[in-house]
Number of protein chains: 2
Amino acid sequence: MKSDHKMRLAAYYNPTGHHVASWRHPRAEADAPTNIKHYVDIARTAERAKFDLIFLADGNAMREANMEALCRSVQFVAHFEPLTLLSALAMVTEKIGLVATASTSWNAPYHIARKFASLDHISGGRAGWNIVTSQQDAEARNFSQEHAYEHADRYDRAREVVKIVLGLWDSWDDDAFVCNKDSGIYFDPTKVHILNHKSERYRVRGPLNVPRPLQGYPLLVQAGGSNDGRETAAQFAEATFSPHLNISDAKEYYDDVKRRMVKYGRDPEHMKILPGLSVIVRSTEKEANADFELLQSFIHPMVAREILSTMLGEIDLSGYSFDEPLPDLPDNDSGHYVSILAMARKENLTIRQLGMRVAGARGKNVIKGTPDQVVDYMEEWFLKGACDGFTIMPPYIPGALDDFCELVVPELQRRGLFRTEYEGRTLREHLGIPRPASQYASRRSRAAE
Amino acid sequence: MKSDHKMRLAAYYNPTGHHVASWRHPRAEADAPTNIKHYVDIARTAERAKFDLIFLADGNAMREANMEALCRSVQFVAHFEPLTLLSALAMVTEKIGLVATASTSWNAPYHIARKFASLDHISGGRAGWNIVTSQQDAEARNFSQEHAYEHADRYDRAREVVKIVLGLWDSWDDDAFVCNKDSGIYFDPTKVHILNHKSERYRVRGPLNVPRPLQGYPLLVQAGGSNDGRETAAQFAEATFSPHLNISDAKEYYDDVKRRMVKYGRDPEHMKILPGLSVIVRSTEKEANADFELLQSFIHPMVAREILSTMLGEIDLSGYSFDEPLPDLPDNDSGHYVSILAMARKENLTIRQLGMRVAGARGKNVIKGTPDQVVDYMEEWFLKGACDGFTIMPPYIPGALDDFCELVVPELQRRGLFRTEYEGRTLREHLGIPRPASQYASRRSRAAE
């Protein structure tokens, strides 16, 4: 192991925290979703702790659910649009990376390219784009369609949109704008490139009306464990956010995705795999467990059942008693489905028990314990090659974020596993991922060979 | 006249200034288009001077022009996306309004509603949306179409998009989010409204996933002197940016648009008409004239001819000598066309002379002189009922903006024509335009009558 081999840490911010009932915790900010002061505070907290980046999930619709469950929820109800928010946060932070989700189904490629390029300039090279394909029909219905695109179509579309966006980011060479007041030449006309992308789906002429991003391209981030998701990640992603619950699944994913990168001519070092981890850390195990139980006690059974239904693939459970086991369900090979059914059968759980079990973290990995226990766990995953770091999902915010920064980060630093100061200025520099050359620059250098 | 009758002032920011050669002026920031520090400075300058708002124009494409002219230009080449920029500026200002342009042709209504609602929350109620319809084919080509929509279609679409956006902003009643940690109720389910808009063009279900904007609706701004433009303004706009060159045209527009408001049941006081005015102010008339001539000397003849061509409606003048008069041109009743041809004939100008005359301010009103001369001019328009204030377009930035704030604003204040302190906190409060009730609130109160 190289001595400079350090974990990377992303801070994943659901507004009030990742736990489904987070907002009811005494140390959560209940009005977080549109409280800019809250976001300023938690962005600065993560920056003081030297996190690589802040990560904001997103959806283009209110979550679909029955109203009795929904009105008790904060997740994906109403909150800031993430790019607007990150642009504001760029002005109150100096180093931390700023990653926003934008859907390739519901955003024109020109807008994606423009907004992330603008954010990259505004933030001094700290922008990242989390590429999602959007599978919810609720989103489609806000954009004049009844249904989300089918799985394969979504991924084809995503790959095409990424290529267009990369092409638009290369519209201007890095040194195109000379701004010479004496000669009167504002830009060098040989250094602007017209993309002229044409397909069945998209015709995008270009050039982008923003100069090339400071990072060349904002960091490309992706999540998704399906075969298509892994392949898209291997082709494009520079950071991934993976959902595995144990070290062996995480390692399988890690090795598989890094192996797939090779056929795209990519260096496996140039992607950081950061599995999600929701951490409750307190000075004693007892306190950590009590805090978790407190959070769990805030979950309303309606909410638990609704989340369970969603995770099983929109199976309607409203006709069953909370205290019955799950009814017989058809076969389905999706990851959540299989693991939930296995858990239900193994422990003979009722709908209520199962709902409470899965609703809190919605299938994400949760660890609770003392600082040493948490760091031992993280260290094992990292040293055994199951990850390049973690996406930390505080179960409630700001309380559990503060705890992580005060109790876990110093121990990671003491063990030499995490930075004590930012290495550079841009998000790419923090992650050790090189600034990509323009596709036109590489064509020129090939032509000159 | 009421003693509290004050002008309203908007600061219209082309990145380096409004004059076509602004960027070459010694007191302009040549790299302004993506220099966030520049924007922070000029936003704060306008706020110190108590401007009502900052106004950012926009287009979704690089301007179309021949490359020899284009590479000498800064206008609409490459610059920050305005909403991303204003969100950043929201964090470094406290009172000034933040108005960004967004096209109803090339943005999904859901995105417009979301982003402006987010900006309104982030800025504490200071957002405004400048509604444009986008007539350039260059923009269409970045969104999978060959041509911009036809004039009437563009305006029909704009009116529909505005209605959808207003409906989405009303998705949540102002008091919908109760966030009661004890009861576990996050929002009151009777206070969320599903829009369910369905037409040939748009199906938008809602609700918006952002709470109702702090201002109810962000301020609606519009420009456009055509009949459709005036009608749309009368129906929706709360501020307009009009292009008239003399007081009688401005007064005709003012009276006409305010009269048209009545049939939509609107109070004429609830729209502020702010004609564009590009000001060069120096302590002596001689210095002001010299500064203007310096700016004019920076215009390259290619740029002048290209702007002239564009203003005449894309008429190709490249086959004519710079020193000939304009060729015979077909009839056309657009405003710029008629006035340019009249000027050319009256003064017998060559293409070069005419180009230099129109290129600088591109048809906008320019005044140069001493502080007293400038304030006399503004006062006359204001007191004679030709406007409610002005949209100040500094010909170069920051220099000419600084001059305006240091020389003109204090004289306006001395004469009691302009505020010395902000009256309120939100953009609507600055302008004296009431916060609109939700359309559902008015339905409820009608039902209760």
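None of the values given here were measured: they were computed from a predicted structure.

Draft legend 1. Seen up close, the relation of the copies chain A and chain B. Structural alignment of chain A on chain B gives an RMSD of 0.0 Å, achieved by rotating through 180° and translating 0.0 Å along the axis. Look at the turn and shift together and you get a two-fold axis relating the two. Closest approach to the rotation axis among the C-alpha atoms of chain A is made by Ala88 of chain A, whose C-alpha sits 2.1 Å away. Looking at chain A, 100% of its interface residues are interface residues in chain B too, so the copies touch through the same face.

Draft legend 2. Spatial organisation of the pattern of salt bridges. Residues and elements named next belong to chain A. Throughout the structure, instances matching the rule amount to 77 salt bridges over all chains. A salt bridge links Asp174 to Arg212; the nearest nitrogen and oxygen atoms lie 3.1 Å apart. Note that Asp174 is positioned in the loop between α6 (151–169) and β5 (177–180) and Arg212 in the loop between β8 (203–204) and β9 (219–223), a separation of 38 residues in sequence. For Asp174, a relative accessible area of 47% puts it in the partly exposed group. Given the relative accessible area of 4%, Arg212 is considered buried. Note that Lys191 is salt-bridged to Asp188, the shortest N-O span being 3.9 Å. On the basis of relative accessibility, which here comes to 21%, the residue Lys191 falls in the partly exposed class.

Draft legend 3. Quick peek at the interface of chain A and chain B. Across the contact, 75 residues belong to chain A and 75 residues belong to chain B. Here chain A and chain B share an interface that buries about 6,400 Å² over both sides, 60% of which is from carbon and sulfur atoms. Counting across the interface, chain A meets chain B through 8 salt bridges. As a salt-bridge pair, Arg203 of chain A and Glu146 of chain B come within 3.8 Å of each other at their nearest N and O atoms. Inspection of the chain A/chain B interface yields 40 residue pairs in polar contact (both at pLDDT 80 or more). Elements represented by at least two residues in the side of chain A that touches chain B include exactly α1 (36–48), α2 (67–70), α3 (82–90), α4 (109–122), β5, β6 (185–187) and β8 of chain A. The dominant element in the side of chain A that touches chain B, judged by the number of residues it contributes, is α4 of chain A, at 8 residues. Counted by class, the side of chain A that touches chain B contains 40 nonpolar, 20 polar and 15 charged residues.

Draft legend 4. Examining the sheet that holds strand β4 (residues 127–132) of chain A more closely. Residue and element names in this part refer to chain A. A sheet is described by the order of its strands in space; here 10 strands give the open sequence β11-β10-β9-β4-β3-β2-β1-β14-β12-β13, paired in parallel fashion. Each having just a single partner strand, β11 (272–273) and β13 (366–369) make up the two edges of the open sheet. Bridge analysis of strand β12 (residues 276–281) against strand β14 (residues 389–392) gives 2 bridges, and the strand direction is parallel. The residue bridging Gly276 from the neighbouring strand is Thr391, located in β14. Along the sheet, α4 contacts β3 (97–103) and β4; its crossing angle with β4, the most-contacted strand, is approximately 150°. α6 rests against β4 and β9 of the sheet, and its axis sits at about 155° to β4.

Draft legend 5. Main features of the UniProt feature "domain: Luciferase-like" (unreviewed entry) in chain A. Here the UniProt-annotated "domain: Luciferase-like" (unreviewed entry) positions come out as residues 22–381 of chain A. For the annotated span residues 22–381 of chain A, helix accounts for 41% and strand for 13% of the residues, and the straight-line distance between the end C-alpha atoms is 26 Å.

Draft legend 6. Representation of helix α4 (residues 109–122) of chain B. All names here are of chain B. Taking 1.5 Å per residue as the helical rise, α4 with its 14 residues ought to reach 20 Å, and the 20 Å between its terminal C-alpha atoms agrees with that figure. Extensive coverage of α4 is indicated by the burial of 14 of its 14 residues. Two residues or fewer after α4 comes Gly124, characterised by a positive phi angle close to 70°.

Draft legend 7. Structural context of the domain arrangement of chain A. All names here are of chain A. For chain A, the assigned domains read domain 1 (8–168 + 209–284 + 364–448) and domain 2 (300–359). Summarising the inter-unit geometry, the C-alpha centres of domain 1 and domain 2 are found 28 Å apart. The interface is formed by 10 residues belonging to domain 1 together with 7 residues belonging to domain 2. Surface buried jointly by domain 1 and domain 2 totals about 760 Å² across both partners, of which 60% is contributed by carbon and sulfur atoms. The largest contributions to the domain 1 side of the interface with domain 2 come from Val20, Ala69 and Arg72, which together make up 50% of the buried area. Of the charged contacts in the structure, one is a salt bridge between Glu306 and Arg63, with a shortest N-O distance of 2.9 Å. The interface formed by domain 1 and domain 2 includes 2 residue pairs in polar contact (both at pLDDT 80 or more).

About the cut-offs
- Residues numbered from 1 in each chain as written.
- Chains lettered and ligands numbered in written order.
- Predicted model: local features only at pLDDT ≥ 70, side-chain atom pairs only at ≥ 80, totals over all residues.
- Heavy atoms only, no water.
- Least-squares fit on C-alpha atoms with pLDDT ≥ 70 in both.
- Contact = heavy atoms within 4.5 Å.
- Salt bridge = Lys/Arg side-chain N within 4 Å of Asp/Glu carboxyl O.
- Helix = DSSP H or I, 4+ residues; strand = E, 2+ residues; numbered from the N terminus.
- Buried < 20%, exposed > 50% of the residue type's maximum accessible area, 1.4 Å probe, protein only.
- Buried area = accessible area lost by both parts, 1.4 Å probe.
- Polar contact = N/O pair within 3.5 Å; in protein donor to acceptor, adjacent residues only side chain to side chain.
- Nonpolar A, V, L, I, M, F, W, Y, C, P; charged D, E, K, R; others polar.
- Pairing = 2+ DSSP bridges.
- Axes fitted to C-alpha atoms, helices over the stretch in contact; angles between N-to-C directions.
- UniProt positions renumbered as here; feature names shortened; annotations may be inferred.
- Expected span 1.5 Å × (residues − 1).
- Domains from an automatic or database assignment.

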